[in-house]
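Understanding the architecture of this molecule
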Amino acid sequence: MTLERNRDFGDYVPAPDDDLVICRCEEVTKGEIRQAVRDGMFNVHEVRRLLRCGMGLCQGRTCAKLVKAIIARELNLPAPSLLDATARAPMRPVEMKVFANEKGL
Amino acid sequence: MKRYDLIVVGAGPAGLSAASEAASLGLGVAVFDENAKPGGQLFKQIHKFFGSKEHKAKMRGTAIGAELLDEAQRLGVEVFLNSPVVGLYDNREVLVRQGDAVQHYKGDGVIVATGANENILAFEGWTLPGVMGAGAAQTMMNINRVMPGKNILMLGSGNVGLVVGFQLLQAGSKLAAVVDAAPYIGGYGVHAAKIARTGVPFFLSHTIVKAEGIDRVTGAVIAQVDEKWNVIPGTEKSFEVDTICVAVGLSSSVELLKMAGCEMKKDGLGVIPIIDDDGETSVWGVFAAGDVSGIEEASAAMIEGRLSGLAAAGKLGFVGPEALKNRKEELLSALEGLRDGMFAPKNRGKSQDSTSEGLPVSKCLLANGFLDDSETFSYPGVKSVPGLHPVIECTQNIPCNPCQDACPKGCIKVEGKIIALPVFDEKSKCSGCGLCVASCSGQAIFLVNEDLGDGKAAVTIPYELLPLPAKGAVGTALGRSGAPLCPAVVTEVKLIGAFDHTALMTFTVPSKFAMTARFWKNEVPA
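Residues numbered from 1 in each chain as written. Chains lettered and ligands numbered in written order. Predicted model: local features only at pLDDT ≥ 70, side-chain atom pairs only at ≥ 80, totals over all residues. Heavy atoms only, no water.

Quick look at the overall build of chain A now. Each helix and strand counted, chain A has four helices and three strands in total. The secondary structure elements of chain A, listed N-terminal to C-terminal, are β-β-α-α-α-α-β. Along the longest, intermediate and shortest principal axes, the C-alpha atoms of chain A span 55 × 30 × 20 Å. Buried positions account for 41% of the 105 residues belonging to chain A. Across chain A, contacts joining residues at least 24 apart in sequence account for 58% of those joining residues at least 6 apart. For chain A, the accessible area works out to roughly 6000 Å², and carbon and sulfur atoms hold 52% of it. (Helix = DSSP H or I, 4+ residues; strand = E, 2+ residues; numbered from the N terminus. Buried < 20%, exposed > 50% of the residue type's maximum accessible area, 1.4 Å probe, protein only. Contact = heavy atoms within 4.5 Å. Areas by Shrake-Rupley, 256 points an atom, 1.4 Å probe, with all protein chains shown as cover.)

This is how it looks when you write it as structure tokens:
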């Protein structure tokens, strides 16, 4: 099963648990993620860029799988088929002044 | 740029083992860990480990951690703490946050042993204080000595949920229930049994509906699910709890490997690196060892670490082909021993119908956490004979055999592979030393004298709760399900060094309860 960008997934339909917080660090709700999918964000990477879920203190270690499952259910696709977010340095939160203070080059 | 022969990321069981193996072969090794203390999760594993001697079986995780640290120190491994690795770049360049700077290092080889992080569930109220990962609860109580809560609901019946559940009981918390959406208990039956016999109920095919509370957890509602995991209305059950522990699996912490460009493969909802039997990834000189390469027990992680450390030494010319080959075979065979049986990675998710001996696996154990009293005699460790004898309630193929080595009289045999069920040889004479009882990491061995001559029986159980009762204390004997059976008087409490903190408590009950009484509670029946 592949993801077709031009497929019509229908409109966003509100659900009773839409106010459930999924990404605690950035306070992103399930409803916002579902809405984003309907707006054309079809994987964790894209949803993260739009909503910042997974860009907070824990860097998605808590919510990435939850987000993935929500997107998959919304698209009616198996979750493992969806693209993950890209892994980039810094892997742990680092203040900019520290990150800019490079040693040992 | 500071260069090391080998850089290891993570000072847990895999990382420390890798570092020591490599250092013993002459490599200059640096280990970076983000935590203030080394050992990864080992120092919170206060329970005895499974396996055989070569896997450090029957040692507690804390002792294994201390031993690994000693070894690394002795071999000159440099361990840097409070040093999170924040990047892994081309040609094994490692970026580490240290103090107010990010430091660049270069490793001729790099072993990533970053472990795993806990999965979570999102349900109504999951962001309330009091909902936490089971691993977090374990860190609180065993590392920081803080009680996570007084009344706990455990979500997840895998080994993490079961082990942490029992440790919560040891810490003095009450466990309201163990809940799992699957129809069968995921972890070792022996781990479930030691919780069940204290009276904790298991709710399989159940999920959490919500956590209740305004500013903290004050309760939880669970409900039964159908085959498609949908909640069946009307099956809700409420619990008054202040803490909900979530133990629904672990995810490999693969970010550094992804960043380094290692080829990955799907693993559930996440990914794990594609590795060879040395743990080397698709990127030259970059290895993955331990949970980061797929979730297993710490015992396996330690061997994986050694394999990677050895392979790195070979690759960099520190060890000749012959020595490399011999050591690798030794390590692979140890790993193979652990990766066998019903809970091996290759058998994950498969239904457990019968043991390798052809005996049916107890459905009652899988669904409720305890053996049905009528089933026990179908296993080779349980026999009814005159006089004192061990009763080994070990009914699943788990890689473990310390009981065999513990018995000085040859009463217990684990024949062939270490996953075989222990056999009680009724022709041997049990001396009642109790070493088998204390050696069983699953607390599944009991000593029973079914007839003391006065219509009473003596039952000796492994007991790891405090306070230890005094001799003469009158309490209640509980059955395997935790149901109260009868009043029981404690006749002996024995704790010697060789038992390693597992006390052996003996109580007397009427003979008819000899083969059913398996726990003792400090409560007199009403």
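Here the narrative resumes.
All names here are of chain B. The five strands lie next to each other as S8-S15-S9-S10-S11, forming an open sheet whose pairing is parallel. The open sheet has two edge strands, strand S8 (131-133) and strand S11 (202-204), and neither has a second partner. When strand polarity is set aside, the average angle formed by the axes of neighbouring strands in this sheet is 20°. Bridge count between strand S10 (residues 174-180) and S11: three bridges; the pairing is parallel. For Val178, the partnering residue across the bridge sits in S11 and is Phe202. Across the sheet, helix H4 (residues 159-171) touches strand S9 (151-155), S10, S11 and strand S15 (243-246), and the angle it forms with S9 is around 170°. (Pairing = 2+ DSSP bridges. Axes fitted to C-alpha atoms, helices over the stretch in contact; angles between N-to-C directions.)

Attention shifts here to helix H7 (residues 298-315) of chain B. Residues and elements named next belong to chain B. The end-to-end C-alpha separation of H7 is 25 Å, in line with the 26 Å expected for 18 residues at 1.5 Å each. Most of H7 sits out of view: 15 of its 18 residues are buried. Within two residues after H7, Gly317 carries a phi angle of roughly 80°, on the positive side. (Expected span 1.5 Å × (residues − 1).)

All right, on to helix H2 (residues 61-74) of chain B then. Spacing of three or four residues puts side chains on the same side of an α-helix, whose turn is 3.6 residues. Residue and element names in this part refer to chain B. For H2, which comprises 14 residues, the first-to-last C-alpha distance of 20 Å matches the rise-based estimate of 20 Å (1.5 Å per residue) to within 8%. For H2, the elements touching its buried residues are helix H1 (13-24) and H7. Gly76 sits one or two positions beyond H2 and adopts a positive phi of about 80°.

Let us look at the interface of chain A and chain B. Taken together, the 30 residues of chain A in the interface contact 37 residues of chain B. Overall, the association of chain A and chain B removes approximately 2800 Å² of surface from exposure, summing both partners, and the carbon and sulfur fraction of that is 58%. On the surface where chain A and chain B come into contact, there are three salt bridges. Here Arg61 of chain A makes a salt bridge to Glu255 of chain B, at a shortest N to O gap of 3.5 Å. Going through the elements one at a time, strand S1 (21-23), helix H3 (64-75), helix H4 (96-99) and strand S3 (102-103) of chain A are the ones with two or more residues in the side of chain A that touches chain B. The greatest single-element share of the side of chain A that touches chain B, amounting to three residues, is contributed by H3 of chain A. Of the residues in the side of chain A that touches chain B, the class split is 16 nonpolar, four polar and ten charged. (Buried area = accessible area lost by both parts, 1.4 Å probe. Salt bridge = Lys/Arg side-chain N within 4 Å of Asp/Glu carboxyl O. Nonpolar A, V, L, I, M, F, W, Y, C, P; charged D, E, K, R; others polar.)

Per-residue pLDDT for chain B averages 96, and the proportion of residues at 70 or more is 100%. Confidence estimates for the predicted assembly give a pTM of 0.96 and an ipTM of 0.93. (pLDDT = per-residue confidence, 0-100.)

Counting 43 residues, the largest nonpolar core has Ile71 of chain A together with Leu153 and Ile244 of chain B as its most contacted members. Examining the composition of this core, we find that six residues originate from one element, H3 of chain A, more than from any other. Sequence-distant contacts of Leu153 of chain B, defined by excluding residues within four places in its chain, comprise Ala177, Val179, Ile208, Ala220, Ile222, Phe239, Val241, Thr243, Ile244 and Cys245 of chain B. Grouped together as the second largest cluster of nonpolar side chains are 29 residues, Ile392, Cys400, Cys403 and Cys440 of chain B included. (Core = buried A, V, L, I, M, F, W, Y, C linked by side-chain atoms within 4.5 Å.)

All names here are of chain B. Here three strands make up an open sheet; going across it, the order is S12-S13-S14 and the pairing antiparallel. At either margin of the open sheet sits one strand with a lone partner, and together these are strand S12 (206-212) and strand S14 (237-239). Each neighbouring strand pair of the sheet contributes to a mean axis angle of 25°, computed without reference to strand direction. Bridge count for strand S13 (residues 219-224) against S14 is three bridges, and the pairing is antiparallel. By the bridge assignment, Val221 is partnered in S14 with Ser238.

As a further point, take unusual backbone geometry. Put simply, Ala89 of chain A and Pro90 of chain A share a cis peptide bond, and its omega is -5°. Structurally, the position occupied by Pro90 of chain A is in the loop between H3 and H4. In this structure, the amide linkage connecting Leu466 of chain B to the following residue, Pro467 of chain B, adopts the cis form with an omega of -5°. The residue Pro467 of chain B is located in the loop between strand S24 (456-463) and strand S25 (474-478) in this model. The backbone phi angle of Gln59 of chain A is positive, close to 55°, even though this residue is not glycine.

What follows covers the pairing of strand S4 (residues 85-89) of chain B. Taken residue by residue, a regular strand's side chains alternate between the two faces of the sheet. Residue and element names in this part refer to chain B. Summarising burial for S4: four of the five residues are buried, a large majority. For S4 and strand S5 (residues 93-98), the ladder comprises four bridges, and the chain directions are antiparallel. In the sheet register, Gly87 faces S5, and the bridge partner there is Leu95. Where S4 folds back onto S5 in an antiparallel hairpin, the turn is made up of three residues, including Asn91, whose phi is positive at roughly 55°.

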